[in-house]
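Summary of the model geometry
Listed below, chain by chain, are the residues.
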Amino acid sequence: MGDDLDDLSDLVKDLSEAVQLAATDLAGSLSWLRFTADTHWGYHADDLIRHLNFVVAYGAATEQD
């Protein structure tokens, strides 16, 4: 499982780029969002979901180095 802050940072970066692109090219923004979901931030979202499921199941967050 990757570092949670790295996962969140990558999600914010890719989603922010899609929002900025939407101001000038909505279709391009949606394409960018789909492409990056399939190739990059979707994996980070999956990692975060797994981590949150672990936290819920065991009641506490783990320390990450």
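Let me sum up the structure you'll find in this document. Because the structure is predicted, anything quoted here is derived from the model rather than measured. (Residues numbered from 1 in each chain as written. Predicted model: local features only at pLDDT ≥ 70, side-chain atom pairs only at ≥ 80, totals over all residues. Heavy atoms only, no water.)

Regarding helix H2 (residues 26–58)
- Under the 1.5 Å per step criterion, the end-to-end length of H2 is only 42 Å for 33 residues, more than 12% shorter than the ideal 48 Å.
- Residue alanine 37 marks the point of greatest curvature in H2, where the axis turns by about 65°.
- Inspection of H2 places Gly28, Ser29, Thr36, Ala37, Trp41, Gly42, His44, Ala45, Asp47, Leu48 and His51 among the buried residues, and these make up the whole buried set.
- Of the surrounding elements, those touching the buried residues of H2 are helix H1 (4–22).
- Positioned one or two residues after H2, glycine 59 has a phi angle of 80°, which is positive. (Helix = DSSP H or I, 4+ residues; strand = E, 2+ residues; numbered from the N terminus. Expected span 1.5 Å × (residues − 1). Bend = angle between axes of the 7 residues up to and from the residue. Buried < 20%, exposed > 50% of the residue type's maximum accessible area, 1.4 Å probe, protein only. Contact = heavy atoms within 4.5 Å.)

A few points about H1
- Relative to the 27 Å expected for 19 residues at 1.5 Å per residue, H1 spans 27 Å between its end C-alpha atoms, a close match to the ideal helical length.
- For H1, the complete set of buried residues consists of Asp4, Asp7, Asp10, Leu11, Asp14 and Ala18. Down the axis, H1 shows its buried residues gathered within 135° of arc, on one side only. Projecting away from the buried face of H1 at angles above 90 degrees are the exposed residues Leu5, Val12, Val19 and Gln20.
- Buried residues in H1 make contact with H2. (Arc of directions from axis to C-beta.)

Observations regarding the pattern of salt bridges
- In total, this model carries three salt bridges according to the counting rule given.
- Among the salt bridges present, the one from glutamate 17 reaches lysine 13, with a minimum N-O distance of 3.1 Å. Taken together, the residues span about one helical turn, with glutamate 17 and lysine 13 both in helix H1 at a distance of four residues.
- Taking the relative accessible area as the measure of exposure, lysine 13 reaches 48% and is therefore partly exposed.
- For the salt bridge of arginine 34 with aspartate 38, the shortest nitrogen-to-oxygen distance reads 3.4 Å. Pair noted here: arginine 34 and aspartate 38 are both in helix H2, with a separation of four residues, about one helical turn. (Salt bridge = Lys/Arg side-chain N within 4 Å of Asp/Glu carboxyl O.)

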